[in-house]
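Read off the chains here:
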2 protein chains.
Amino acid sequence: MNFSKTTEYALKILSYMALDYNKLYSAEEIFKELKIPYRYLRKQLTILSKSDLIKSIQGKFGGYKLSKKLEDISLLDIIVASGDKQLSNNCFFGFNECAFQEKCSFHNKWEKVRTEINMVLSTTNLAELKSNGPHGHANSNLLLTKIN
Amino acid sequence: MNFSKTTEYALKILSYMALDYNKLYSAEEIFKELKIPYRYLRKQLTILSKSDLIKSIQGKFGGYKLSKKLEDISLLDIIVASGDKQLSNNCFFGFNECAFQEKCSFHNKWEKVRTEINMVLSTTNLAELKSNGPHGHANSNLLLTKIN
DNA sequence: TTTAAATAATACATTACGGTATCATTTAAT
DNA sequence: ATTAAATGATACCGTAATGTATTATTTAAA
């Protein structure tokens, strides 16, 4: 019951890039901030820049920047872009196919939970993530503080 | 966002065994029902029978049976017995450590979802799973029908 | 006591994921 | 043109999860 490392990384990367919408972030900077293994990060950034969430700019002084407004990037978007495909199943526990011929009684109950998860993920966007300070206090300061 | 294969199998196995509390199920029968790869199933059954959820009886006409009442086996019990450890994390997305120094604003929001998942899993037991028919109609007939 | 039918233990094989290494390409500044 | 600093492509490696194979052990029945 968890996201994959790769999805985790994607969420962290995009959350970090949300700090400054217009900024061009280099892999180097993101690495220093988030401590994601550098080469893996590079690979992930390349993959992510093939989605419509971020774009890469090559060459000297290149980097990555968000390609949509913060309000238009939901957490679900990020999860999908990262390659986690496990949110759209329809069996009770998220199984690819229900273990049983007839949908079991728990199916509906669990489906409700899954629906709620999807709801939270699809309605929470980077703007919201950024606009509220730590512990839910609105507009305090940036939630994503430097680690380094 | 999913359970591991192993956890999935455990849930299926126990759900199936809930059909008849007293019955001794052979690995062969479970295999025919659930189509879990036979040798992997065998291994898993051995592991599960070291938990307090099911017990094995060796020798000819041996097999596996539940060792607790249906009401006393929650889905969370099964998940834990199967080895999935990913339910007790405390960061916003279930990360082992929060990506950021200060807990982010989403932390609380997501924590609520996680709490609910845990709630559903820990309060739903095999008896409940069995007592309600397909699609939520109580006491229709068994939800777990033969595939074979 | 031998046999048959079941589980137990253990080792091995395969696959997917996370991570690393190398070289190629792009682009701005000189 | 050359160089420097960035990303892109690709191949490889390590480990854990999944799956398979083999042999040992247990137990009831004949």
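Structure first, text after, so check above.
Residues numbered from 1 in each chain as written. Chains lettered and ligands numbered in written order. Predicted model: local features only at pLDDT ≥ 70, side-chain atom pairs only at ≥ 80, totals over all residues. Heavy atoms only, no water.

Engineer: Just to check I follow, could you spell out helix α4 (residues 75–82) of chain B for this structure?
Structural biologist: Along an α-helix, residues three or four positions apart point the same way, because every turn accommodates 3.6 residues. All names here are of chain B. Every buried residue of α4 is accounted for by Leu75, Leu76, Ile78, Ile79 and Ser82. Down the axis, α4 shows its buried residues gathered within 160 degrees of arc, on one side only. Two residues or fewer past α4, Gly83 is found with a positive phi of approximately 105 degrees. (Buried < 20%, exposed > 50% of the residue type's maximum accessible area, 1.4 Å probe, protein only. Helix = DSSP H or I, 4+ residues; strand = E, 2+ residues; numbered from the N terminus. Arc of directions from axis to C-beta.)

Engineer: Is there a simple way to think about the protein's contact with DNA strand D in this case?
Structural biologist: Close contacts around DNA strand D come from 27 residues, with Thr46(A), Lys50(A), Ser56(A), Thr6(B) and Arg39(B) the closest. When atoms of DNA strand D within 4 Å of the protein are split into backbone and base, the sugar-phosphate part holds 56%. The separation between a sugar or linking oxygen of DNA strand D and a polar side-chain atom of Gln58(B) is 3.5 Å. Contributions of two or more residues to the surface near DNA strand D are made by α3 (38–48), β1 (54–57) and β2 (63–66) of chain A together with α1 (5–17) and α3 (38–48) of chain B. Looking at side-chain class alone, the surface near DNA strand D contains 7 nonpolar, 12 polar and 8 charged residues. (Near = heavy atom within 4 Å. Polar contact = N/O pair within 3.5 Å; in protein donor to acceptor, adjacent residues only side chain to side chain. Nonpolar A, V, L, I, M, F, W, Y, C, P; charged D, E, K, R; others polar.)

Engineer: Explanation requested: the pairing of strand β2 (residues 63–66) of chain B in the structure shown.
Structural biologist: Along a regular strand, successive side chains alternate from one face of the sheet to the other. Residue and element names in this part refer to chain B. In β2, alternate side chains face the same way, and those of Gly63 and Lys65 on one face and Tyr64 and Leu66 on the other are all buried. In the sheet, strand β1 (residues 54–57) pairs with β2 via 4 bridges, with the strands oriented antiparallel. Bridge pairing in β2 places Ile54 opposite Leu66. Two successive antiparallel strands, β1 and β2, enclose a turn made up of 5 residues, where Gly59 displays a positive phi of approximately 85 degrees. (Pairing = 2+ DSSP bridges.)

Engineer: What am I meant to see in the protein's contact with DNA strand C here?
Structural biologist: Residues in contact with DNA strand C amount to 25 residues; listed here are only the nearest, Thr6(A), Tyr9(A), Arg39(A), Lys43(A) and Ser56(B). In DNA strand C, atoms within 4 Å of the protein come from the sugar-phosphate backbone in 59% of cases. In the model, a phosphate oxygen of DNA strand C is placed 3.0 Å from a nitrogen or oxygen of the Lys5(A) main chain. At 2.6 Å from a phosphate oxygen of DNA strand C is found a side-chain nitrogen or oxygen belonging to Thr6(A). Within the residue set of the surface near DNA strand C, elements represented by two or more residues are α1 (5–17) and α3 of chain A together with α3, β1 and β2 of chain B. Of the residues in the surface near DNA strand C, the class split is 6 nonpolar, 11 polar and 8 charged.

Engineer: What is the right way to look at unusual backbone geometry in this model?
Structural biologist: Excluding glycine, most residues fall at negative phi; most peptide bonds, likewise, are trans. Residues and elements named next belong to chain A. Phi angles above zero are rare outside glycine, and Lys35 is one such case at about 60 degrees. On the secondary structure map, Lys35 appears in the loop between α2 (27–34) and α3. Classification of Lys35 as partly exposed rests on a relative accessible area of 47%. Non-glycine residue Phe61 carries a positive phi angle of around 60 degrees.

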